[in-house]
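# Architecture at a glance
This is what each chain is made of:
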Amino acid sequence: MSRSLILHLGLIAVLFALNFVLPPYAHGNIARVMTLAVYAIGYNIAFGYTGLLSLGHAMFFAAGMYGAGLLLRFTDMGALPAYAAGLAAGGALALAVGLLALRTAGVSFMIVTLMFSQAVYLAILYFGEWTRGDEGFVIASADRMIAGVDLAAPQARYLVAWGLFSVALMFLLWLVRRPSGRVFVAIRENEDRARLLGYDTFRLKLLSLVISGVISAASGAAYAILFGYAGASFAGVQYSIFPMLWVLLGGAGTVIGPFLGTLFMFYLIDLSSGLTDAYMLIAGVALIGLTLFAPQGIAGEIRRRFWKDLP
Amino acid sequence: MEFGPYLMLAMLEGAVLAAVLALMASGLSLTFGVMRVVNVAHGEFYMLGAVMAWFVAHLVGGGAAIAFIAAAVIAPLAVGAMAAAADMTILKRIDYDPERTIVATIGLLYVIQQVTLMTYGADARPVEPPFNSRIALPWFEWGEEGLALYYPWGLSTTSYKLFVIAAAAVLILAVRLFMTRTKAGLIMRATQLDSEMATAFGIPVERVYAAVFGIGAGLAALAGVLIVPVQQAHYLMGGDALLLSFIVVIIGGLGSMAGTIVAAILIGMSDGIISVFFSPTLAKILATLLVALVLVFRPQGLFGSRPR
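A brief report on the enclosed structure follows.

Criteria and thresholds
- Residues numbered from 1 in each chain as written.
- Chains lettered and ligands numbered in written order.
- Predicted model: local features only at pLDDT ≥ 70, side-chain atom pairs only at ≥ 80, totals over all residues.
- Heavy atoms only, no water.
- Salt bridge = Lys/Arg side-chain N within 4 Å of Asp/Glu carboxyl O.
- Helix = DSSP H or I, 4+ residues; strand = E, 2+ residues; numbered from the N terminus.
- Buried < 20%, exposed > 50% of the residue type's maximum accessible area, 1.4 Å probe, protein only.
- Arc of directions from axis to C-beta.
- Contact = heavy atoms within 4.5 Å.
- Polar contact = N/O pair within 3.5 Å; in protein donor to acceptor, adjacent residues only side chain to side chain.
- Buried area = accessible area lost by both parts, 1.4 Å probe.
- Nonpolar A, V, L, I, M, F, W, Y, C, P; charged D, E, K, R; others polar.
- Core = buried A, V, L, I, M, F, W, Y, C linked by side-chain atoms within 4.5 Å.
- Expected span 1.5 Å × (residues − 1).

All names here are of chain A. As enumerated under the stated definition, the model contains 10 salt bridges over all chains in all. Across the pair Asp192 and Arg195 runs a salt bridge whose closest N-O atoms are separated by 3.5 Å. Of the two residues, Asp192 and Arg195 both sit in helix α9 (residues 191-196), three residues apart, roughly one turn of that helix. On the accessibility criterion, Asp192 (54% relative accessible area) is exposed. You can call Arg195 partly exposed: its relative accessible area is 43%. Between Arg304 and Glu301 there is a salt bridge whose closest N-O contact spans 3.1 Å. Within this pair, Arg304 and its partner Glu301 are both found in helix α14 (residues 297-305), separated by three residues, close to a single helical turn. What you see here is one network of salt bridges that share partners, running through Glu191, Asp192, Arg195 and Lys205.

Have a look at this one:
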């Protein structure tokens, strides 16, 4: 087994072991962090590996959240089919947005994704009759069952979040070592050269964005089912900024970075929101500090100093 | 009220919005034009202008007029200085890289917004306008004796709202004259055309950038001061304003001043009219989608020409 495989399997094993030792509050928090880290992993595929700096990933998260949540609210569909529908919604939205937005690059791409995401957010407010807008809706615990297991129970919730996180982490590790994962990096570093080598960069970027969208939706749908709530605030600009912040903090273009960034930021905001209402101040300071002093993030620094081929 | 007077009222409200928007967007457009960076914190400078106007108005006594004039002078200068300082400490150090600038200004957005929340609080507070007489507006009607004027109930505006429109027009004209007729404006335009060549001719490009960033933010703050007697000052007011300015600047063509003004009038007026007759959320959805599609299919804006 290679060193990197040991590292990532080790993280998964530690998180599994934590299920049995953590006190209740931290137990719930880590379940939440793992669910959100899946979102960061999805964002990292587009931003960290392919260089697509999107400011609108909340629309994919929300597509998963509402795709699953609305079906659970209005139909008798079980949690598993609703979850699959959430993923499909995220993928379809990513495909549609990608076909348009990927005609632009750089700053234009950022603004186009921001605008599409804003349109999705406003649409959720506009159809408040079904979505209940800002207030959101609670998903009844009777709907949150998979094969007789109640996902609202802390143990089951933790293990499902852990399973989802493990699958996403190992998928990313597998993806970035495959040839297509390496072409994503080639596009990030120099798109013209990748095109010159004969790669259809538009299709590959679209592929990257769709994978990223599906994984983001996987996180959103899981959040709705595990924590039983869907609200418009999860589709707002703030939830597009968060994954960027997590990935920048943890280390863009690393496999373990998104988890580290999500974990640190979650606790930083959790601690500071105990002190003040203005907890987003921490996010702002972190964004400025990271761009100025540590554009590589935590895992990026580790890679630079100690471990040259950390994936 | 009948349809005609109602439409006129909507257009008047739209004109006030258009005036403020034109002022604010011309600041964003100036920054983008000269420095080639998108300032996401622009909406927060607008909010700071409004909030500072409230602070100044409360510190300065001596009647609404004097307080307002003091606010209109102090707030933009303070905000401009703050922005120039942010430019020198943050943007200069990341070398004005377009994508990293956006990330850093998102950070700046949250810092400004949250510090305002901590100091000014979450309440919306009004500033008294310097003058505010109600002006009833006439409407015409084909009566039995031909064209007759009458004053429909509810069709009115205030002298302050008319002042906002006039002040914005004068200020935008002043910016235009500054850019075309003064030496400082010439230096800015030279930097815009070719910053490397400007450096070769001895222009201190970094100081020009700091000044442009400051002026851009100052224009947003002025817009904030002008609007605060009509709307109230609130720490979250920057978000919508930022979105609208983005829409205006993109539809008008990034970096094109004339296009920005035309687009501000178009967007401001249609927003005013659409919000009166239709759901404002629907209007916003259509506007954001329009902007995305303009950027995808006509990146030079609806009114811009293709770059050479």
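Residue and element names in this part refer to chain A. Within the sequence span of helix α8 (residues 179-189), burial applies to Ser180, Gly181, Val183, Phe184 and Ile187. Looking down the long axis of α8, one finds its buried residues gathered within 155 degrees of arc, a one-sided arrangement. Every exposed residue of α8 that faces more than 90 degrees away from the buried side is listed here: Pro179, Arg182 and Glu189. Residues of α8 that are buried sit in contact with α2 (24-49), α7 (154-177), α9 and α10 (201-227).

A word on the side chain of His42 of chain B. Residues and elements named next belong to chain B. Assignment of secondary structure puts His42 in helix α2 (residues 42-59). From its side chain, His42 meets the backbone nitrogen of Leu28 in a polar contact 3.4 Å long. If sequence neighbours within four positions are ignored, His42 has contacts with Met24, Gly27, Leu28, Gly216, Ala220 and Leu242.

Listed by partner, the interface residues are 37 residues for chain B and 39 residues for chain A. When chain B packs against chain A, the two sides together hide about 3300 Å² of surface, and 84% of this comes from carbon and sulfur. Along the contact surface separating chain B from chain A lie zero salt bridges. Across the contact surface, chain B and chain A share one residue pair in polar contact (both at pLDDT 80 or more). Among the elements of the structure, α3 (63-91), α4 (98-119), α9 (238-252) and α11 (280-297) of chain B are those that each provide at least two residues to the side of chain B that touches chain A. Taken together, the residues of the side of chain B that touches chain A break down into 27 nonpolar, six polar and four charged.

Here we take up the nonpolar core. As a rule of thumb, nonpolar side chains are buried together in soluble globular proteins. Core analysis: the biggest nonpolar cluster contains 204 residues, and Phe165 and Met244 of chain A together with Phe45 of chain B have the highest contact counts within it. In terms of residue count, α2 of chain A provides more of this core than any other element does, 15 residues in total. Non-local contacts of Phe165 of chain A, meaning those with residues more than four positions away in its chain, are made with Leu11, Leu15, Met34, Ala37, Val38, Ile41 and Phe259 of chain A. With five residues, the next largest nonpolar core counts Leu9, Leu12, Trp139 and Leu155 of chain B among its residues.

Each turn of an α-helix holds 3.6 residues, which means side chains three or four residues apart point in the same direction. The terminal C-alpha atoms of helix α4 (residues 79-101) of chain A, which comprises 23 residues, lie 32 Å apart, in line with the 33 Å expected from a rise of 1.5 Å per residue. Buried within α4 of chain A we find Ala79, Ala82, Tyr83, Gly86, Gly90, Gly91, Ala94, Val97, Gly98 and Ala101 of chain A. Those residues of α4 of chain A that are buried are in contact with α3 (58-74), α5 (106-126), β2 (145-146), α7 and α10 of chain A together with α11 of chain B.

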